[in-house]
Amino acid sequence: MRCRGKKGVAVQYATALFLILILNFFLPRMMPGDPFLIMSADSENEVISVLTEEQRQYFISYYGLDRPVYEQFASYLFSVARGDLGESIYYKVPVWEAIWTRLPWTALIVLGATLMSTVVGVLLGLFSARRRDRPADKMLMVGLISFAEIPSFLLGLVILLAFSVKLKAFPLAGAITPFAHYSHPLDALWDIGYHAVLPIITLSLTQLTGIYLLTRNTLVTVMTRDYIRTARAKGIGERLVWTRHALRNALLPVVTRVGFMIGMLMGGAVLVENVFSYPGVGSLLRSSVIARDYPLIQGIMLVMAFSILTVNYLVEIVYERLDPRTSSCEAT
Amino acid sequence: MAEAVCGSFCQEKEASFEAAQKSARMAGLRAIKADLNIVSKDIVSKNKETLRDLLAAALNSVCDSIGRFSLAGKMGIAGLLLIVFIAVFAPFVTFYDPSAISGMSLDPPGPEHILGTDELGMDIWSQICYGARMSLVIGLAVAMISGVGGGFLGLMAGYMGGNWDKMLLRTIDITMALPSFPLLIVIAAFLNPSILNVILVLVFLSWAKPARVVRSQALAMKKQQYIISARLHGAGPVYIIRRHIMPEALPLIFVSILNISSYAIVAESGLAFLGLGDPTSKSWGMMLHYATSFRSIYFTPYWQWWLMPPLIALIFLLLCLAFIGRDMERIVDPRLRLRGGQ
């Protein structure tokens, strides 16, 4: 399956990106209706005609809609490449700017969740592998697997209801306390962290299990290898054998998993942000959906798709560097 | 039944025998194509029996695995059956029409409304029952279409090999690289969010995985001794696929059908939660959307009977599907490992 080489991978991701661009270009054109119709309907339809035929033609050529489709598509590609994603109808600012102001919040919870699920997942995996088939291992496994089956936004709702509504231990919404005045920069940091805790926990709970299972299962196989026996025979303590010899080698597949996880977390963040009313790109998406702000929806989609594709591509490249075996033709 | 199965097999064997003789003269894909044509004519005439035969094989493998389910798996099946029951018999287990205003706005649960009413005074229990239909229909339709269709494509490509296989593999790779959720949102935002559109988009985004799994299975099986000897005895590809490869691939397809159905249910409710569902339909995701869009719902007691029921129902359904899927996977897995597949 991985018998593609670097060029193949690049072509694959480039094609995927191109497909998305094509979709983005044609979807608005596939919608029924004509933006000029309402302005130019003739009096027979009992609509006052605002535009004369001449003016209509002028607008059509002004927006470049009289040019052939491939020319329109080419100019669309150029403007996207320049970073021009159009103008938001609702917010009256360039789409790029609207996304840019929200992006740091999404990045915060996505990266926070990546970090947390990786660290906790690896530690739990190590814990579980050392107690393989004992009650603690089995309970942890059943519990975490059940958690993984619940999608992040449903889990987020449960967590929100439990911790913010019922226990009132965490804030219900937002990323900072509104109208707060911080006497110290650390206070601001604390406030941001306090608001980000629940979204980060929610997001990482769904991805934690994958990391946990991967670490645990790789560790279990690694521990049967000869070099582990050698290490033990040399008299190295059990603790060091696990951390230095076993864990280090078991971490390689975890690296890939973490990379691909970022992509999945971005998708999950869209919904989770809405659960917690967190002011990231995801809640921007929801408000643009409600306002039917099509350029903004498209822009968000493009930015998200582009970043997911880039991250996944980089992960594949990095993984090939880390583990040269994957570049050879293996039928997996 | 047994006679019918046997009869169709024998006739098929004859047909594929002729075909195999023909294919000895012709080369490569063209031969396989001719073979396919002959047997497909045969299938058309014996459509009923072959379908029955296929169904019997599928049913056998499913029954076989259910017998080996764990307690959690059996509970999952019981839970799923319960949801299917309330969905099918929704008019009989509810007292009100789900979109009829049957009470006061935001009534708490009581004797008149088992689970209370929402802000428009519609019965929540009715909405749950009728909403189950939406989730089940979407899950089932998407999973069946992409599981069976993708599985079929993978089977053909894996067995035939050559350029078709290469092309399919490329397409699978690209489809799997597409970030599904952003794509889903943008398509749903532009097309009108009818059930059909949602199903089509989800199929487009989820057919690749079963295709890939089944393809690698078919590829691995093609090299097995007994398949080779069957081929040398003059069995045509359609016969081999149906008789030997299909029974082995069916459990795999079944597992991916389960996985895809929960993916589709999550995707549909996620879209609805974002406000991209069909506003005229009753679904659990739409209930979540309306409840969470209600201003300051968390400061009122309303969330207890408005937000909780669809939330619990969705989680319950997904857990049931997950339990069943995990048991299926466990049962299918040893065979998988034997073949050296993924």
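Residues numbered from 1 in each chain as written. Chains lettered and ligands numbered in written order. Predicted model: local features only at pLDDT ≥ 70, side-chain atom pairs only at ≥ 80, totals over all residues.

A closer look at the overall build of chain B
Within chain B one finds 15 helices and zero strands. Counting across all 342 residues of chain B, residues that qualify as buried make up 46%. Taking as baseline every contact in chain B between residues at least 6 positions apart, the subset at least 24 positions apart corresponds to 72%. (Helix = DSSP H or I, 4+ residues; strand = E, 2+ residues; numbered from the N terminus. Buried ≥ 20, exposed ≤ 12 C-beta atoms within 10 Å, placed from the backbone. Contact = placed C-beta atoms within 7 Å.)

Observations regarding the overall build of chain A
Along the backbone of chain A there are twelve helices and zero strands. Each helix and strand of chain A, placed in order from N terminus to C terminus, yields the pattern α-α-α-α-α-α-α-α-α-α-α-α.

A look at unusual backbone geometry
All names here are of chain A. The backbone of Asp 133 sits at a positive phi, close to 65°, despite the residue not being glycine. By the element assignment, Asp 133 lies in the loop between helix H5 (95–130) and helix H6 (135–149). Positive phi outside glycine occurs at Ser 277, with the angle close to 45°. Counting through the fold element by element, Ser 277 comes out in the loop between helix H10 (238–275) and helix H11 (281–290).

Details of the interface of chain A and chain B
Accessible area lost when the parts come together is the quantity often used to give the size of an interface. With 38 residues of chain A in contact, the opposing surface of chain B contributes 28 residues. Here the side of chain A that touches chain B is composed, by residue class, of 27 nonpolar, nine polar and two charged. (Nonpolar A, V, L, I, M, F, W, Y, C, P; charged D, E, K, R; others polar.)

A short note on the environment of Leu 23 of chain A
You can see Leu 23 of chain A is positioned in helix H1 (residues 5–30). Leu 23 of chain A sits in the partly exposed class, given 19 other C-beta atoms within 10 Å.

So, the confidence of the model for chain A
Detailed conclusions should not be drawn from predicted coordinates in areas where pLDDT is low. Residues and elements named next belong to chain A. The share of residues in chain A with pLDDT of 70 or more is 89%, and the mean pLDDT across the chain is 82. The lowest-confidence element of chain A is helix H2 (residues 37–40), averaging 54 in pLDDT; the highest-confidence one is H5, averaging 92. Counting interchain partners and residues more than four positions distant, the pLDDT-below-50 stretch residues 328–332 has six contacts. (pLDDT = per-residue confidence, 0-100.)

Some remarks on the confidence of the model for chain B
Residues and elements named next belong to chain B. Residues of chain B with pLDDT of at least 70 account for 81%, and the chain-wide mean is 79. In the predicted structure, residues 1–36 sits below a pLDDT of 50 and forms 49 contacts with residues beyond four places in sequence or in another chain. The low-confidence segment residues 336–342, where pLDDT is below 50, has eleven contacts with residues more than four positions distant or belonging to other chains. What the predictor reports for the complex is a pTM of 0.80 with an ipTM of 0.81.

What to know about the environment of Leu 27 of chain A
Of note, Leu 27 of chain A is situated in helix H1. The sequence separation of Leu 27 of chain A and Gln 298 of chain A amounts to 271 residues, and the corresponding C-alpha distance is 9.6 Å. Non-local contacts of Leu 27 of chain A, meaning those with residues more than four positions away in its chain, are made with Val 186, Ile 187 and Phe 190 of chain B.

Topic: helix H8 (residues 180–190) of chain B
H8 of chain B sits mainly inside the fold: eleven of its eleven residues count as buried. Taken together, the buried positions of H8 of chain B are Ser 180, Phe 181, Pro 182, Leu 183, Leu 184, Ile 185, Val 186, Ile 187, Ala 188, Ala 189 and Phe 190 of chain B.

Side note on the environment of Arg 216 of chain A
Residue and element names in this part refer to chain A. Mapped onto the elements, Arg 216 comes out in helix H8 (residues 185–222). Here Arg 216 falls in the buried class, since 24 other C-beta atoms lie within 10 Å of it. In this structure, the C-alpha to C-alpha distance between Arg 216 and Met 261, residues 45 residues apart in sequence, is 17 Å.

Let's talk about the nonpolar core
All names here are of chain B. Judged by nonpolar contacts, the single largest core of 148 residues is most densely connected at Leu 184 and Ile 185. Sorting elements by how many residues they give to this core places helix H12 (residues 237–273) first, with 22 residues. In this structure Leu 184 touches Val 201, Leu 205, Ala 267 and Leu 271, once residues within four positions along its chain are discounted. (Core = buried A, V, L, I, M, F, W, Y, C linked by C-beta atoms within 7 Å.)

Looking at the packing of H5 of chain A against helix H12 (residues 294–322) of chain A
For any two helices packed against each other, the geometry comes down to the angle between their axes and how far apart the axes lie. Residue and element names in this part refer to chain A. Look at H5 against H12: their axes get within 9 Å of each other, and the N-to-C directions meet at 55°. The angle between the axes of H5 and H12 places the two elements in the oblique class. By crossing handedness, the relation of H5 to H12 is classed as right-handed. Every residue of H12 that contacts H5 at Val 95, Trp 96, Ala 98 and Ile 99 is listed here: Pro 295, Leu 296, Gly 299, Ile 300 and Val 303. Classifying every residue of the contact of H5 with H12 gives eight nonpolar, one polar and no charged. (Axes fitted to C-alpha atoms, helices over the stretch in contact; angles between N-to-C directions. Parallel < 35°, antiparallel > 145°, perpendicular 65-115°, else oblique. Left-handed = near helix turned anticlockwise from the far one by under 90°.)

Considerations on helix H11 (residues 225–232) of chain B
A turn of α-helix holds 3.6 residues, and therefore any two residues three or four places apart point the same way. Little of H11 of chain B is tucked away, with zero of its eight residues classed as buried. Backbone geometry just downstream of H11 of chain B places Gly 234 of chain B in the positive-phi region, at approximately 95°.

Considering the packing of H12 of chain B against helix H13 (residues 284–293) of chain B
Residues and elements named next belong to chain B. In contact at an axis separation of 7 Å, H12 and H13 are set at 30° when each is read in the N-to-C sense. With respect to H13, the element H12 is oriented roughly parallel. Here H12 and H13 pass one another in a crossing that is right-handed. Seen from H12, the contacting residues are Glu 268, Ser 269, Gly 270, Leu 271, Ala 272 and Phe 273; seen from H13, they are Trp 284, Gly 285, Met 286, Leu 288 and His 289. Classifying every residue of the contact of H12 with H13 gives six nonpolar, four polar and one charged.

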